[in-house]
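# Observations on chain architecture
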Amino acid sequence: MLKRPPPSPDHQEPRLYRVVADRIAQLIRDEGIAPGARLPSERDLATRLEVSRASLREALIALELGGVIEVRGGSGVYVCEAEPEASLPEAGPGPFEVLSARRLIEAEVAAIAARVATDNAIDAILKAVEEMEAHHANKTTNELADRNFHLAIARATGNGALVGTMDYLWNQRGRLWHKLKEHFQTEELRQETLKDHRRIFEAIAAHDPAAARRAMRAHLERVTRTFSRG
């Protein structure tokens, strides 16, 4: 498997997706892949570099943000530069890092909310669900309602530290996340997300911590599968 280089005493260890992106850029140079030419398939690249499809996909998105490649849905990945630079714009934590943290934390947040949520807190969660359903086709409004849903669950715990943690995790959905979502979110996932949120809400409203934990974890696992497999 691909290993990270040893950390420098003066610098933070590079994120794995940046290491993989550098390897892809090096492959483009070494093999003389010309601008406009298509790269090998994701499966072939993952095999050659000995990395997961999730890490590879994050790396490709980082390279796209750096103007090195272009990801064309249903067609493949194409080179944009003859001599791609190894240096990429800083894009923060990878989407799968954020999703992994959210699966760990939000499942328990949902369980706590199910135990202690007041009627007012449950009404706030329901309002966010209904906003998502009503504005499903409007990306901006839908994104805001999605954020409000997850923060309303955190607020329902009555724990300000958990609210702050959830706000921080949500704000890590940066350039990589939104580009990945642009390419690989499907209408099926959008519809399933609405159903997932309803199931999470219903479990919290029923004060069923185990069901709330399962529903939140299942939701975030579904997002992870979709973004990593396409």
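Please read all numbers here as calculations on a predicted model, not as lab measurements.

As for its position among the elements, I153 is in helix 6 (residues 139-156). Classification of I153 by relative accessible area gives buried; the value is 1%. Each C-alpha atom of the pair I153 and A121 lies 7.7 Å from the other, and the pair is 32 residues apart in sequence.

Looking now at the confidence of the model for the chain. On average, residues of the chain score 87 in pLDDT, and 88% of them reach the 70 mark or higher. Below pLDDT 50 for its whole length, residues 7-11 participates in one contact with residues either more than four positions away or in separate chains.

Moving on to helix 7 (residues 160-171). Look at helix 7: 17 Å from first C-alpha to last across 12 residues, which is about the 16 Å you get at 1.5 Å a residue. Along helix 7, the positions that sit buried rather than exposed are L162, V163, M166, L169 and W170. Mapping the buried residues of helix 7 onto a view down its axis gives an arc of 130°, with all of them on the same face. Pointing more than 90 degrees away from the buried face of helix 7 are the exposed residues G160, A161 and Y168. Structurally, helix 7 contributes buried residues whose contacts are with helix 4 (95-116) and helix 6.

On to the pattern of salt bridges, then. Under the defined criterion, the tally for this structure stands at 15 salt bridges. Between E31 and R48 there is a salt bridge whose closest N-O contact spans 2.3 Å. With a gap of 17 residues between them, E31 in the loop between helix 1 (16-30) and helix 2 (42-49) and R48 in helix 2 connect regions that are remote in the sequence. Here R173 and E143 are joined by a salt bridge, their closest N and O atoms 2.6 Å apart. Of this pair, R173 sits in the loop between helix 7 and helix 8 (175-184) while E143 sits in helix 6, and the two are 30 residues apart along the sequence.

Taken together, the buried positions of helix 2 are E42, L45, A46 and L49. What you see down the axis of helix 2 is that its buried residues fit within an arc of 100°, all on one side. Set apart from the buried face of helix 2 by more than 90 degrees, the exposed residues are R43 and T47. Against the buried residues of helix 2 lie helix 1, helix 3 (53-65) and helix 8.

We now examine the pairing of strand 2 (residues 76-79). When strand 1 (residues 69-72) meets strand 2, the two strands line up antiparallel, connected through four bridges. Bridge pairing in strand 2 places E70 opposite Y78. Remark: three residues form the turn of the hairpin made by strand 1 and strand 2, two consecutive strands paired antiparallel; G74 in that turn has positive phi of roughly 80°.

As a further point, take the nonpolar core. Of all hydrophobic cores here, the largest spans 63 residues; its most connected members are I24, L39, L56, I69, I153, I204 and F227. With sequence-adjacent residues up to four places away left out, L39 is seen in contact with I24, I28, I33, L45, L60, I69, V77 and V79.

Moving on, we get to the side chain of E64. Among the structural elements, E64 can be located in helix 3. Buried charge without a partner: E64 forms no salt bridge, and the closest opposite charge is K179, 4.5 Å away. The residues touching E64, leaving out its near neighbours within four places in the chain, are I69, E70, V71, K179 and H183.

On to the packing of helix 6 against helix 7, then. Packing of helix 6 against helix 7 leaves a shortest axis separation of 8 Å and a crossing angle of 155°. Our classification of the angle between helix 6 and helix 7 gives roughly antiparallel. Considering only the axes of helix 6 and helix 7, their crossing is right-handed. Of the residues in helix 7, those in contact with E143, D146, R147, H150, L151, A154 and R155 of helix 6 are L162, V163, M166, D167, W170 and N171. Taken together, the residues of the contact of helix 6 with helix 7 sort by class into six nonpolar, two polar and five charged.

Conventions adopted
Along each chain, numbering runs from 1 in the same order as the chain's sequence is written. Given that this is a predicted model, residues contribute local features only at a pLDDT of at least 70 and side-chain atom pairs are listed and counted only at 80 or more, while totals for whole chains, interfaces and linings are drawn from all residues. Values shown for side chains rest on all heavy atoms present in the structure; no hydrogens or waters enter the calculation. A helix here means a DSSP run of H or I that spans at least four residues, while a strand means a run of E at least two residues long, and both kinds are numbered starting from the N terminus. Throughout, exposure labels follow a simple rule: accessible area from a 1.4 Å probe, protein chains only, divided by the maximum for the residue type, with under 20% read as buried, over 50% as exposed, and the rest as partly exposed. Residue-level confidence of the predictor, termed pLDDT, takes values from 0 up to 100. Note on definitions: a residue-residue contact is assigned when non-hydrogen atoms from the two residues lie within 4.5 Å. A helix's residues, less one, multiplied by 1.5 Å, set its expected span. The arc refers to the directions leading from the helix axis to the C-beta atoms. In what follows, salt bridge is the name for a side-chain nitrogen of Lys or Arg lying within 4 Å of a carboxyl oxygen of Asp or Glu. Two strands are counted as paired when DSSP detects at least two bridges linking them. To define a nonpolar core, start from buried Ala, Val, Leu, Ile, Met, Phe, Trp, Tyr and Cys residues and group those joined through side-chain atoms within 4.5 Å. Think of it this way: Lys and Arg go in the positive column, Asp and Glu in the negative one, and His and the chain ends go nowhere. In this analysis an axis means a line fitted to C-alpha atoms, helices contributing only their contacting stretch, and an angle means the value between N-to-C directions, from 0 to 180 degrees. Any angle that is under 35 degrees is reported as roughly parallel, and any over 145 degrees as roughly antiparallel; angles of 65 to 115 degrees are reported as roughly perpendicular and all others as oblique. Handedness of a crossing is defined here by the sense of rotation of the near helix relative to the far one, left-handed for an anticlockwise turn of less than a right angle and right-handed for a clockwise turn. For this classification, the nonpolar set comprises Ala, Val, Leu, Ile, Met, Phe, Trp, Tyr, Cys and Pro, the charged set comprises Asp, Glu, Lys and Arg, and every other residue, Gly included, is treated as polar.

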